[in-house]
Amino acid sequence: MAFSSSFCLPLVSLKPIRLRHNVGEQRNNFAVRRLISRPVGQLARRETSFCCDWSFARGSRVIITPKVPTFIHCRKSFGVHASWLTNSQIAYNAFTLGTAAVLPFYTVMVFAPKAELTKKLMESSIPYVVLGVLYAYLLYLSWTPDTLRLMFASKYWLPELPGIAKMFSSEMTLASAWIHLLAVDLFAARQVFHDGLENQVETRHSVSLCLLFCPIGIVAHVITKALAANTGNNRKRTH
């Protein structure tokens with residue numbers, strides 16, 4: 001009796017089979033990043049990618065793919081920026097500091113006009129330089145493309161009241177004008193003070209008026225000086 005048996009086996013392909021792990025080819029991707037310091041606040045970021053590929057047919061291989069370095073510009077911040085404050089805050093602070101800065105000079109001229117400290121303080125030009133720099137800064141902040149047009153609104157390039165009123169609607173412009181007045185008034189008060197010392201004329205009332213009403217203070221000094229001269233002439237005639 002013939003006995004035969006047969007086993008059906010699946011055909012085995014000789015084509016290399018790529019073994020896969022889970023859902024695909026096993027790959028380990030990782031990147032090495034190095035930060036290299038550069039001058040002028042720049043950082044260079046160099047990135048290199050490694051790819052590991054493994055199969056029965058080809059074995060293991062490592063693919064290195066370098067990437068072009070990219071430079072990142074790092075800005076440095078120095079100190080306190082004016083942008084941290086609003087224009088209204090800058091104008092308010094400048095108004096307050098400017099007013100407080102000139103008060104000591106008026107105080108010594110009124111209460112100690114003949115003191116050596118007062119004479120030295122009034123001979124200094126530092127307060128006028130400080131006020132001038134502060135005024136220039138506020139003028140820069142308040143300047144707009146329409147500033148000149150508002151200042152010289154007429155066809156004859158002369159100031160007009162409506163244009164000046166519109167220009168001074170800004171707090172920054174008002175603060176710059178106030179610093180301007182403080183500097184001019186202090187300078188006029190110093191001139192009155194020195195003229196009073198030279199001609200031995202009382203100047204306390206005139207200097208006090210120059211603080212807020214400078215033209216009136218100048219007129220008061222002129223009148224005081226004229227009255228003092230007239231009184232001196234009468235005394236000479238009497239003797």
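Values in this document were obtained by computation on a predicted structure and should not be read as measured data.

Asks: Whenever I open this one, the overall build of the protein confuses me. Can you help?
Replies: Each helix and strand in the protein was counted, giving eight helices and four strands. Listing each helix as α and each strand as β along the protein from the N terminus yields β-β-β-β-α-α-α-α-α-α-α-α. Evaluated residue by residue, the protein yields a buried proportion of 25% over its 239 residues. Taking the contacts inside the protein whose residues are at least 6 apart along the sequence as the reference set, 53% of them involve residues at least 24 apart. Total accessible area computed for the protein in this model is approximately 18100 Å², and 65% of it derives from carbon and sulfur atoms.

Asks: Just checking my understanding: could you explain the pattern of salt bridges for this structure?
Replies: It is possible for side chains of opposite charge to pair when their charged atoms get near one another. Under the definition given, this model contains three salt bridges. R149 is the partner of D146 in a salt bridge, and the nearest nitrogen-oxygen pair spans 3.7 Å. Judged by its relative accessible area of 47%, R149 is partly exposed. Between R204 and E202 there is a salt bridge, with the nearest N and O atoms lying 3.5 Å from each other. Note on R204: relative accessible area 39%, which makes it partly exposed.

Asks: Sorry, what's going on with the side chain of T147 here?
Replies: Secondary-structure assignment places T147 in helix α4 (residues 147-151). If near-sequence neighbours (up to four positions away) are discounted, T147 is found in contact with S142 and M167.

Asks: Help me understand the UniProt feature "transmembrane region" (unreviewed entry) in the protein, please; the structure alone is not making it clear to me.
Replies: Within the UniProt annotation, "transmembrane region" (unreviewed entry) is assigned to residues 90-113, 125-143 and 209-228. Between the C-alpha atoms that bound residues 90-113 there is a distance of 34 Å. The span itself is 92% helix and 0% strand. Split by type, residues 125-143 is 89% helix and 0% strand. Its first and last C-alpha atoms lie 27 Å apart.

Asks: So what exactly am I meant to see when it comes to a nonpolar patch on the surface here?
Replies: Together, L139, W143, L148, F152 and W157 make up an exposed nonpolar region whose accessible area comes to about 510 Å². Locating L148 in the fold gives a position in helix α4. By relative accessible area, which is 43% here, L148 ends up partly exposed.

Asks: What's the story with the nonpolar core in this structure? I'm lost.
Replies: As a rule of thumb, soluble globular proteins bury nonpolar side chains together. Judged by nonpolar contacts, the single largest core of 23 residues is most densely connected at Y106, M109, L138, L186 and V207. Where this core is concerned, the elements lending two or more residues are α1 (87-111), α3 (126-142), α6 (171-199) and α7 (204-212). No other element matches α6, which puts nine residues into this core. Discounting residues that sit within four places of it in the chain, L138 has contacts with I90, A94, M172, A175, S176 and I179.

Reading the values: the criteria
- Residues numbered from 1 in each chain as written.
- Predicted model: local features only at pLDDT ≥ 70, side-chain atom pairs only at ≥ 80, totals over all residues.
- Heavy atoms only, no water.
- Helix = DSSP H or I, 4+ residues; strand = E, 2+ residues; numbered from the N terminus.
- Buried < 20%, exposed > 50% of the residue type's maximum accessible area, 1.4 Å probe, protein only.
- Contact = heavy atoms within 4.5 Å.
- Areas by Shrake-Rupley, 256 points an atom, 1.4 Å probe, with all protein chains shown as cover.
- Salt bridge = Lys/Arg side-chain N within 4 Å of Asp/Glu carboxyl O.
- UniProt positions renumbered as here; feature names shortened; annotations may be inferred.
- Patch = residues over 30% accessible without salt bridge, like charges linked within 9 Å, V, L, I, M, F, W, Y side chains within 5 Å.
- Core = buried A, V, L, I, M, F, W, Y, C linked by side-chain atoms within 4.5 Å.

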